[in-house]
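What follows is each chain in one-letter form.
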Amino acid sequence: MKIRHVKNGVFTLIDNEQLNETLNAPEEGFYWIDADLDDVTLLQLTFGLHDLAVEDMLGEEEQRPKIEIYENHYFTVVNSIRFDNEEIFMRALNIFLGRHFVITVTRQKIHELRTVKPIMWEEEVNTPDRFMYLLIDRVVDNFFAVGDRIEDQIEQLEEDILMNTKRTHLNDIIGLRAEILWLKKVLVPQREVINILNKKDLRLIDDELQKYFSDIYENTVKVSEAFDTYRDLMGNLREAYQSSISNRANEIMKVFTVITTIFMPLTVVTGIYGMNFDHMPELHWTYGYPMVIGLMIILGMTMYLLFRKKGWL
């Protein structure tokens, strides 16, 4: 657990043993407590965090985005997204907002908690609601970055399918589409949470600042629409894969058909000269065998050239 006194975007670390001092509002700024799940029990006793909020954090590994309004604090859950080694991870970011404090609780490290610090310093953040706004804004912006990477994956997969279709491409399509649908399910409740922060009368959030949440809400809508597009693209990609597989099968069957057609007259020739009658032309001729072989070669080459001219090969 890290306790920071934030004043005009400048951080001052406070010893954990002085946690009780954070119950009183500082003369300027606010307290930011960045905690792990192991610290929740102590924080609940100190700040009177609601039992249901604490129960949700401790009991659910993947929490649904939501906001709960309690008497002295708000409990907000948003999901942070991370793209590592071609895999997408969702991590819950729990935020307790009070009049003079904000508590963030996570199971794993969340990138946005680190990247928001220079922004706080640049904008000289001095209130906890402003900090929460910037943090959620960073969370939503990161969805755009992940969306760009998904779009790159789709384009690369489309190129690979068109250039050289493989059976493994179907698994790639199914896997990526499943991840996109999973993200869509997360985005819907997250969008509603931000809409509440934008429209509902919340006394712990400044009225002027609350208007800025509309910008985050618009970005969330854009992200959701982008993932709708990605879902549709995956459907088109699957059709392209099936079409490519079908075309390749048709090409293979066409080659086999041409080969079979070429060998049909050759089979007729060999069938005629394999009837073993005593009186047959060229049967006892010295050059009969080379003549038949030559005839078969000429027939095969003629048919091959004819198919090439017709564009069948």
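Up top is the structure these notes are about.
Nothing here was measured: the structure is a model prediction, and the numbers come from that model.

*Asks:* With reference to specific residues and values, describe the environment of Val10.
*Replies:* Looking at the secondary structure, you find Val10 in strand β2 (residues 10-14). On the accessibility criterion, Val10 (43% relative accessible area) is partly exposed. The sequence separation of Val10 and Glu122 amounts to 112 residues, and the corresponding C-alpha distance is 9.4 Å. Apart from residues no more than four positions distant in its own chain, Val10 is found in contact with His5 and Trp121.

*Asks:* Summarise the pairing of strand β5 (residues 74-84); cite the residues concerned and give the values.
*Replies:* Among the 11 residues that make up β5, 9 are buried, leaving the element largely enclosed by the rest of the structure. Pairing of strand β4 (residues 66-69) with β5, which is carried by 4 bridges, proceeds in the antiparallel orientation. Along β5, the bridge assignment pairs Lys66 with Val77. Connecting the antiparallel pair β4 and β5 is a turn made up of 4 residues. Summarising the sheet, β5 and strand β6 (residues 87-97) pair through 11 bridges and their orientation is antiparallel. Paired with Val78 across the bridge in β6 is Leu93.

*Asks:* Which residues make up empty space enclosed by the protein, and what are the values?
*Replies:* Over the atoms a probe the size of a water molecule is rolled, and this reveals where empty space is left. Enumeration according to the criterion identifies 1 cavity of 30 Å³ or more in this entry. Approximately 50 Å³ is the volume attributed to the largest cavity. Those elements that place two or more of their residues in the lining of the largest cavity are β6 and β7 (101-106). Looking at the lining of the largest cavity, its residues break down into 4 nonpolar, 4 polar and 2 charged.

*Asks:* Give a description of the pattern of salt bridges that names residues and reports values.
*Replies:* Across all of its chains, the model carries 8 salt bridges by this definition. Residues Glu28 and Lys7 are paired through a salt bridge, measuring 3.4 Å at the closest nitrogen-oxygen approach. With Glu28 in the loop between β2 and β3 (30-36) and Lys7 in strand β1 (residues 2-7), this pair connects stretches of sequence that are 21 residues apart. Under the relative-accessibility criterion, Lys7 is labelled partly exposed at 35%. Between Glu123 and Arg130 there is a salt bridge, with its nearest N and O atoms 2.7 Å apart.

*Asks:* Describe the packing of aromatic side chains, and please don't skip the residues or the numbers.
*Replies:* If you walk through the whole model with that rule in mind, you get 8 aromatic pairs. With centroids separated by 6.2 Å and ring planes inclined at 40 degrees, the aromatic side chains of Phe30 and Phe131 adopt a geometry described as tilted. Residue Phe30 is located in strand β3, and its partner Phe131 is located in helix α4 (residues 128-163); the two are separated by 101 residues in the primary sequence. By relative accessible area, which is 0% here, Phe30 ends up buried. For the pair Phe227 and Tyr230, a centre-to-centre distance of 5.4 Å together with 80 degrees between the ring planes defines the contact as edge-to-face. Here Phe227 pairs with Tyr230, and both are found in helix α7 (residues 213-272), just 3 residues apart, close to one helical turn.

What counts and what doesn't
- Residues numbered from 1 in each chain as written.
- Predicted model: local features only at pLDDT ≥ 70, side-chain atom pairs only at ≥ 80, totals over all residues.
- Heavy atoms only, no water.
- Helix = DSSP H or I, 4+ residues; strand = E, 2+ residues; numbered from the N terminus.
- Buried < 20%, exposed > 50% of the residue type's maximum accessible area, 1.4 Å probe, protein only.
- Contact = heavy atoms within 4.5 Å.
- Pairing = 2+ DSSP bridges.
- 1 Å grid on protein atoms, 1.4 Å probe; cavity = no way out; pocket = protein on both sides within 12 Å on 5 of 7 lines; lining within 4 Å.
- Points joined across faces, edges and corners; volume = space filled by probe spheres on them.
- Nonpolar A, V, L, I, M, F, W, Y, C, P; charged D, E, K, R; others polar.
- Salt bridge = Lys/Arg side-chain N within 4 Å of Asp/Glu carboxyl O.
- Phe/Tyr/Trp six-rings, centres within 6.5 Å; stacked < 30°, edge-to-face > 60°.

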